[in-house]
Amino acid sequence: MLEMLKTILSRQLGADIDDITADTRIVDDLGADSLDIVEMVMAIDEECGVSIPDDVVPTLETVGSVVNYLESHS
């Protein structure tokens, strides 16, 4: 899951995939804005079939927190 999410974020945000870790903060470290977050959630849904509810999205601040959510809901 981590590698899949790193690929999505790298592709969407133009970040170096090697700089993305589980501790990377999606907004603070990668500069994602609200549109980037929506696109990330849509890409996750398409690529791994896990929908993240709108009320959960703001609580997923780090790459690792997204991975943990995906692993517990897939």
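Computed from a prediction, not measured in an experiment: that's the story for all the values here.

Student: So what about the overall build of the chain? Which residues, and what values?
Tutor: Tallying secondary structure elements over the chain gives three helices and zero strands in all. Each helix and strand of the chain, placed in order from N terminus to C terminus, yields the pattern α-α-α. Its C-alpha radius of gyration of 11 Å places the chain within 12% of the 11 Å reference for a compact globule of 74 residues. Counting over 74 residues, the chain shows a buried share of 41%. Excluding contacts between residues fewer than 6 apart, the proportion of contacts in the chain whose partners are at least 24 apart in sequence is 52%.

Student: Quick rundown of a nonpolar patch on the surface? Include the residues and the values.
Tutor: A surface patch of nonpolar side chains, amounting to about 290 Å² of accessible area, comprises Leu35, Val38 and Met42. For Val38, the position within the fold is in helix H2 (residues 34–48).

Student: Kindly report on the pattern of salt bridges, identifying the contributing residues and their values.
Tutor: What the rule picks out here adds up to four salt bridges. In this structure, Lys6 engages Glu3 in a salt bridge whose closest nitrogen and oxygen atoms are separated by 3.6 Å. Placement of both Lys6 and Glu3 in helix H1 (residues 2–13) is noted, with a separation of three residues, approximately one turn of the helix. Relative accessible area serves as the criterion here: at 12%, Lys6 is assigned to the buried category. With a closest N to O distance of 2.7 Å, Glu47 and Arg11 form a salt bridge. Highlighted residues: Glu47 in helix H2 and Arg11 in helix H1, separated in sequence by 36 residues. When salt bridges with common partners are traced through the structure, they connect Arg25, Asp28 and Glu61 into a single cluster.

The rules behind the values
- Residues numbered from 1 in each chain as written.
- Predicted model: local features only at pLDDT ≥ 70, side-chain atom pairs only at ≥ 80, totals over all residues.
- Heavy atoms only, no water.
- Helix = DSSP H or I, 4+ residues; strand = E, 2+ residues; numbered from the N terminus.
- Rg over C-alpha atoms; globule rule 2.2 N^0.38 Å.
- Buried < 20%, exposed > 50% of the residue type's maximum accessible area, 1.4 Å probe, protein only.
- Contact = heavy atoms within 4.5 Å.
- Patch = residues over 30% accessible without salt bridge, like charges linked within 9 Å, V, L, I, M, F, W, Y side chains within 5 Å.
- Areas by Shrake-Rupley, 256 points an atom, 1.4 Å probe, with all protein chains shown as cover.
- Salt bridge = Lys/Arg side-chain N within 4 Å of Asp/Glu carboxyl O.

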